[in-house]
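The lines below spell out each chain.
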Amino acid sequence: MTCGMVPERAYSQDSTSVEEQLEKAFEELDPEESGLTGEQLTQFLEDLAANPININRGKLDDLLQIPGINLKIARAIVDYRSTKPFETKEELLEVSGIGPATYRRMQPYVSIGGSGERFRDMYLRPEYWLANRRVEVFSRYQRDLQESEGYIRPDSLGGYLGSPMKYYHRIRMNTNHLSVNFTQEKDAGEPLDGVTGFDFNSGHIALVDNGKLNELVVGDYSLSFGQGLVLWSGGAFGKGREVVGTISKNERGIKPYSSAQETDFFRGVAASYGDKIELTGFYSERPRTASVTGIDTTRFPTSTGFHRTENELGRKNNIYQMTTGGRLRVDSRLGLIGVTGYYNRFSSYIDKGTLLSSAFDYEGREHSVFGVDYRGLIRNSFLFGEFARSENGGFGGIAGVETPIGDNSELALAYRHYEKDFQSFLASGFGEQSSGSQNEEGFYVGLRHILNPKIILSGYFDQYQFNAPRFGTSQPTGGFDVLALSEINFNRSLNVYFLIRSETRDDEYVVLNEMGNEQIRMGEETRSSIRTNLEYQVSPDVRLRSRLELVRNREAGGEWETGFLIYQDLRVEPTRRLRIDGRVTLFDTDSFNTRVYQFESDLLYVMSNTVLYDQGQRAYVALRYIAADFMDVWFKYGVTVFEDRQTISSGLSETKGNVRNSIGLQVRLLF
């Protein structure tokens with residue numbers, strides 16, 4: 001192989017922009033809720049930035065993959081280039097609906113190229129399949145440096161079977177029309193027996209963009225259709241600082257899978273064919289892991305992917321899940337209209353359990369879901385929605401609109417209604433709960449206003465209701481979530497934002513009556529936070545960021561608790577080949593209820609949204625270095641020191657002392 005990298009290759013502004021978008025997407029979420037999908041969305045955006053869409057040649061579906069673009073903007077780009085091709089990316093600002101904010105969001109994911117292609121339809125020529133070949137070889141090592149209880153406890157008493165090291169390897173080749181990938185991962189605590197003994201192995205061979213054959217994948221893949229009420233894997237943007245443009249989903253269809261997240265994918269074969277009328281079909285069969293409750297009976301498959309102890313390893317791949325289905329989508333004058341359905345069968349009977357919150361969950365061996373979705377335009381307004389029905393008769397639906405209000409404002413409205421018995425466990429629709437599109441009704445309003453060239457105001461209000469008990473309650477509950485954001489760009493070097501968020505939801509608490517008996521009462525749990533974030537580009541090579549965040553929380557029936565976080569962040573690029581990120585954080589919270597989060601720079605494709613609570617300090621340094629024209633190196637070291645404790649965490653994760661530190665190293669070879 002020969003190297004194909006530019007000698008003076010340097011980390012671009014695009015890489016920084018991708019990181020900023022990921023921060024906006026996940027920083028307002030609990031890491032436990034976003035962890036399963038965060039890694040896949042991180043990889044999707046990083047891969048898209050590494051292989052940007054040619055705006056002169058990309059199909060409508062290609063353009064819809066770009067963050068910030070909806071159907072209205074995608075059609076406007078197609079109309080614009082039909083008169084003349086784009087010569088620079090900045091020309092996108094001349095397209096109707098694309099302003100400076102939208103352009104900044106989409107800029108990392110687009111490229112300029114000709115409207116034709118040399119080897120089109122020459123399927124028997126090697127040049128066709130190898131055009132723009134890019135080979136990547138990854139190797140990653142991570143570990144916590146303190147030894148936790150799981151590594152001290154003997155195997156016979158439930159200790160971890162493997163080492164505390166986490167390994168990740170991947171080799172991938174991408175061209176304009178071909179994708180080949182093989183991924184291996186071992187989580188911390190899992191055993192490893194030679195190069196073939198990794199706990200997780202994933203691979204695919206995929207044909208991409210070959211005439212009307214849009215995708216053909218053999219191996220592992222993800223499926224994302226409509227608004228996510230029938231089938232959606234791979235993560236998506238949700239409620240956060242981007243208040244307009246994130247509640248609607250732009251389907252990705254079939255995508256070859258190369259992530260190390262072990263549960264949210266399909267294994268088999270999938271294909272899509274067509275243009276104005278596109279037909280998709282797929283078949284998947286793969287092993288899953290579930291807790292056994294009886295003879296030929298299990299709980300629903302787990303989503304953790306951990307196989308560290310004798311018990312966890314004994315349950316590994318103890319049931320099989322078969323899924324098959326298809327989709328028909330029509331690109332009409334009315335918009336994009338799709339019909340999706342699937343049939344699913346487990347090899348054992350799934351027991352929903354006895355909790356009140358599980359009363360309407362799926363139970364059985366076989367299951368199916370069917371749905372209809374649309375995305376269309378009425379003048380300047382973008383409409384979207386999906387309506388689905390599960391085999392048991394449960395219904396789920398979402399409908400919304402994104403529309404400009406005058407020249408400087410945008411409005412987003414969405415209503416969702418997922419019945420308590422709507423059972424679509426392969427779905428991920430917009431909503432408050434991370435557990436799926438079930439037992440929720442809500443109305444979302446988002447507004448974004450450009451006050452002047454320097455100040456942007458935005459916010460949302462989301463009211464929701466759970467019509468059956470959710471986890472931890474015995475009766476219906478509800479709540480609302482409010483966010484307000486003011487962004488001030490003083491100049492190209494200095495910007496600041498102020499963010500206020502408050503969420504109030506019903507929750508139960510227990511009191512003792514006069515007879516000394518416990519009684520359950522309903523109250524309100526409220527969490528509020530205020531944040532000030534200042535970013536200053538001292539010079540092209542030095543960036544400073546300062547943050548102060550205050551949090552207040554009151555549990556139902558409890559008292560107010562407080563917490564705060566303050567950090568100073570420094571980014572330095574001393575040469576074109578080296579970027580250094582460092583941060584020092586101080587935090588002080590009354591309890592876990594007033595925990596604070598911070599999104600951190602990390603190794604490529606690693607999702608890092610750290611949760612901090614109690615009292616202490618955290619510091620980290622992360623390096624990105626182009627060691628050679630064909631090799632990139634990432635390194636991260638982080639340490640957290642607690643002031644008020646001598647043990648950290650609990651159970652098998654418990655460590656002695658008040659310090660927890662970790663290290664990560666990653667190497668990527670490019671050919």
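Since the model is a prediction, treat every value here as computed from it, not as a measurement.

Chemist: Would you mind going over the overall build of the protein chain with me for this structure?
Modeler: Counting its regular elements, the protein chain contains eight helices and 33 strands. Here the C-alpha atoms of the protein chain give a radius of gyration of 25 Å, agreeing with the 26 Å that 2.2 N^0.38 yields for 671 residues. Judged by the C-alpha coordinates and their principal axes, the protein chain covers about 80 × 60 × 60 Å. Relative to its 671 residues, the protein chain shows a buried fraction of 49%. Total accessible area on the protein chain is roughly 29,600 Å²; 56% of this is exposed by carbon and sulfur atoms. Looking at charge distribution, the protein chain has the averaged site of its 75 positive side-chain charges lying 5 Å from that of its 92 negative ones.

Chemist: Looking at this model, I keep getting lost on the side chain of Arg-416. Mind explaining?
Modeler: Here Arg-416 shows up in strand E18 (residues 409-418). A distance of 2.9 Å separates the side chain of Arg-416 from the side chain of Asp-462, its partner in a polar contact.

Chemist: For this particular structure, what's the right way to read the side chain of Thr-246?
Modeler: Tracing the backbone shows Thr-246 in the loop between strand E7 (213-224) and strand E8 (253-256). A relative accessible area of 4% means that Thr-246 is categorised as buried. A polar contact is formed between the side chain of Thr-246 and the backbone oxygen of Glu-242, at a distance of 2.8 Å. Residues contacting Thr-246, with those up to four places away along its chain left out, are Arg-105, Phe-237, Gly-238 and Glu-402.

Chemist: Looking at this structure, how should I read unusual backbone geometry?
Modeler: Glycine aside, residues mostly have negative phi, and peptide bonds are mostly found in the trans state. At Asn-132, a position not held by glycine, the phi torsion is positive, near 55 degrees. When its relative accessible area of 59% is taken as the criterion, Asn-132 is described as exposed. Phi angles above zero are rare outside glycine, and Arg-379 is one such case at about 55 degrees. Taking relative accessible area as the criterion, Arg-379 reaches 82% and is therefore assigned exposed.

Chemist: Even after reading the chapter, I still don't get the environment of Asn-408, so can you show me in this structure?
Modeler: Looking at the secondary structure, you find Asn-408 in the loop between strand E17 (395-405) and E18. Under the relative-accessibility criterion, Asn-408 is labelled partly exposed at 41%. As a C-alpha pair, Asn-408 and Gly-99 span 309 residues in sequence and 9.7 Å in three-dimensional space. Setting aside residues no more than four positions away along its own chain, Asn-408 makes contact with Arg-448, His-449 and Ile-450.

Chemist: Would you take a moment to explain the environment of Glu-312 for this structure?
Modeler: Looking at where Glu-312 falls in the secondary structure, it is placed in helix H8 (residues 310-315). Put simply, Glu-312 and Glu-190 are 122 residues apart on the chain and 9.8 Å apart in space, counted from C-alpha to C-alpha. Ignoring sequence-local partners within four residues, the contact set of Glu-312 consists of Phe-306 and His-307. For Glu-312, the side chain forms a polar contact with the main-chain nitrogen of Arg-308, separated by 2.7 Å.

Chemist: Is there a simple way to think about the pattern of salt bridges in this case?
Modeler: Opposite charge on two side chains permits pairing when their charged atoms draw close. Applying the stated criterion across every chain yields a total of 43 salt bridges. Across the pair Asp-373 and Arg-327 runs a salt bridge, and its minimum N-O distance is 2.7 Å. In this pair, Asp-373 sits in strand E15 (residues 364-378) while Arg-327 sits in strand E13 (residues 319-332), placing the two residues 46 residues apart along the sequence. The pair Asp-373 / Arg-327 is uniform in exposure class, with both members buried. In this structure, the salt-bridge partner of Arg-501 is Asp-481, at a minimum N-O distance of 2.7 Å. With Arg-501 in strand E22 (residues 494-512) and Asp-481 in strand E21 (residues 477-489), this residue pair connects regions lying 20 residues apart in the sequence. Assigned by exposure class, Arg-501 and Asp-481 land together as buried.

Chemist: Explain the nonpolar core to me, please; I cannot follow it from the model alone.
Modeler: Of all hydrophobic cores here, the largest spans 64 residues; its most connected members are Ile-77, Leu-92 and Leu-231. Per element, the largest residue contribution to this core is six residues, and it comes from helix H4 (residues 71-83). Once you skip the residues sitting within four places of it in the chain, Ile-77 turns out to touch Ile-55, Leu-63, Ile-69, Phe-86, Leu-92, Val-95, Ile-98 and Met-106.

Chemist: Whenever I open this one, the pairing of E18 confuses me. Can you help?
Modeler: In regular strands, side chains alternate between the two faces of the sheet. The sheet contact formed by E17 and E18 spans 10 bridges and is antiparallel. Directly across from Gly-397, in E18, lies its bridge partner His-417. Where E17 hands over to E18, the hairpin turn is made up of three residues, of which Gly-406 adopts a positive phi near 75 degrees.

Chemist: Hey, could you run me through the confidence of the model for the protein chain in this one?
Modeler: Per-residue confidence for the protein chain gives a mean pLDDT of 88, with 94% of residues at or over 70. When the criterion is pLDDT under 50, residues 1-8 qualifies, and its contacts beyond four places in sequence or with other chains add up to 13 contacts.

Chemist: Quick question: what am I supposed to make of the pairing of strand E14 (residues 335-350) here?
Modeler: As paired strands, strand E12 (residues 297-298) and E14 are joined by two bridges and run parallel to one another. From the neighbouring strand, Thr-298 faces E14, where its bridge partner is Ile-350. With 12 bridges connecting them, E13 and E14 associate as antiparallel partners. Among the inter-strand pairings, Thr-323 is bridged to a residue of E14, identified as Asn-344. Following E13, the chain reverses through two residues before pairing antiparallel with E14. Relative to E15, E14 is paired through 11 bridges, and the arrangement is antiparallel. Looking at E15, one finds that Ile-350 is bridged to Gly-364.

Chemist: Honestly, the packing of aromatic side chains in this entry has me stumped. Any pointers?
Modeler: Centre-to-centre distance and the angle between the planes together describe a pair of aromatic rings. One pass over the full model with this rule turns up 23 aromatic pairs. Centroid distance Phe-266 to Phe-282: 6.3 Å. Interplanar angle 50 degrees. Geometry classified as tilted. Here Phe-266 is found in strand E9 (residues 266-274), whereas its partner Phe-282 is found in strand E10 (residues 277-288), with 16 residues between them in sequence. For the residue pair Phe-266 and Phe-282, the accessibility class agrees, reading buried in each case. With 5.9 Å between their ring centres and 45 degrees between their planes, Phe-346 and Phe-425 make a pair best called tilted. Here Phe-346 is found in strand E14, whereas its partner Phe-425 is found in the loop between E18 and strand E19 (440-452), with 79 residues between them in sequence.

Chemist: Is there a simple way to think about a nonpolar patch on the surface in this case?
Modeler: On the surface, a nonpolar cluster with roughly 730 Å² of combined accessible area is contributed by Ile-277, Leu-279, Leu-328, Leu-334, Ile-337, Val-339, Phe-370 and Val-372. At the level of elements, E10, E14 and E15 are the ones that each hand at least two residues to the nonpolar patch. Classification of Val-339 by relative accessible area gives partly exposed; the value is 31%.

Chemist: So what exactly am I meant to see when it comes to H4 here?
Modeler: Note: α-helices contain 3.6 residues per turn, so residues at a spacing of three or four share the same orientation. End to end, H4 covers 19 Å across 13 residues, agreeing with the expected 18 Å (1.5 Å per residue, within 8%). Within the sequence span of H4, burial applies to Leu-71, Lys-72, Ile-73, Ala-74, Ala-76, Ile-77, Tyr-80 and Arg-81. Looking at the buried side of H4, the elements it contacts are helix H3 (60-63), helix H5 (100-106), E14, E15, strand E16 (381-390) and E17. N-cap assignment for H4: the residue whose side-chain oxygen lies 3.1 Å from the backbone N of Lys-72 is Asn-70.

What counts as what
- Residues numbered from 1 in each chain as written.
- Predicted model: local features only at pLDDT ≥ 70, side-chain atom pairs only at ≥ 80, totals over all residues.
- Heavy atoms only, no water.
- Helix = DSSP H or I, 4+ residues; strand = E, 2+ residues; numbered from the N terminus.
- Rg over C-alpha atoms; globule rule 2.2 N^0.38 Å.
- Buried < 20%, exposed > 50% of the residue type's maximum accessible area, 1.4 Å probe, protein only.
- Areas by Shrake-Rupley, 256 points an atom, 1.4 Å probe, with all protein chains shown as cover.
- Lys, Arg positive; Asp, Glu negative; His and termini not counted.
- Charge placed at Lys NZ, Arg CZ, Asp CG, Glu CD.
- Polar contact = N/O pair within 3.5 Å; in protein donor to acceptor, adjacent residues only side chain to side chain.
- Contact = heavy atoms within 4.5 Å.
- Salt bridge = Lys/Arg side-chain N within 4 Å of Asp/Glu carboxyl O.
- Core = buried A, V, L, I, M, F, W, Y, C linked by side-chain atoms within 4.5 Å.
- Pairing = 2+ DSSP bridges.
- pLDDT = per-residue confidence, 0-100.
- Phe/Tyr/Trp six-rings, centres within 6.5 Å; stacked < 30°, edge-to-face > 60°.
- Patch = residues over 30% accessible without salt bridge, like charges linked within 9 Å, V, L, I, M, F, W, Y side chains within 5 Å.
- Expected span 1.5 Å × (residues − 1).

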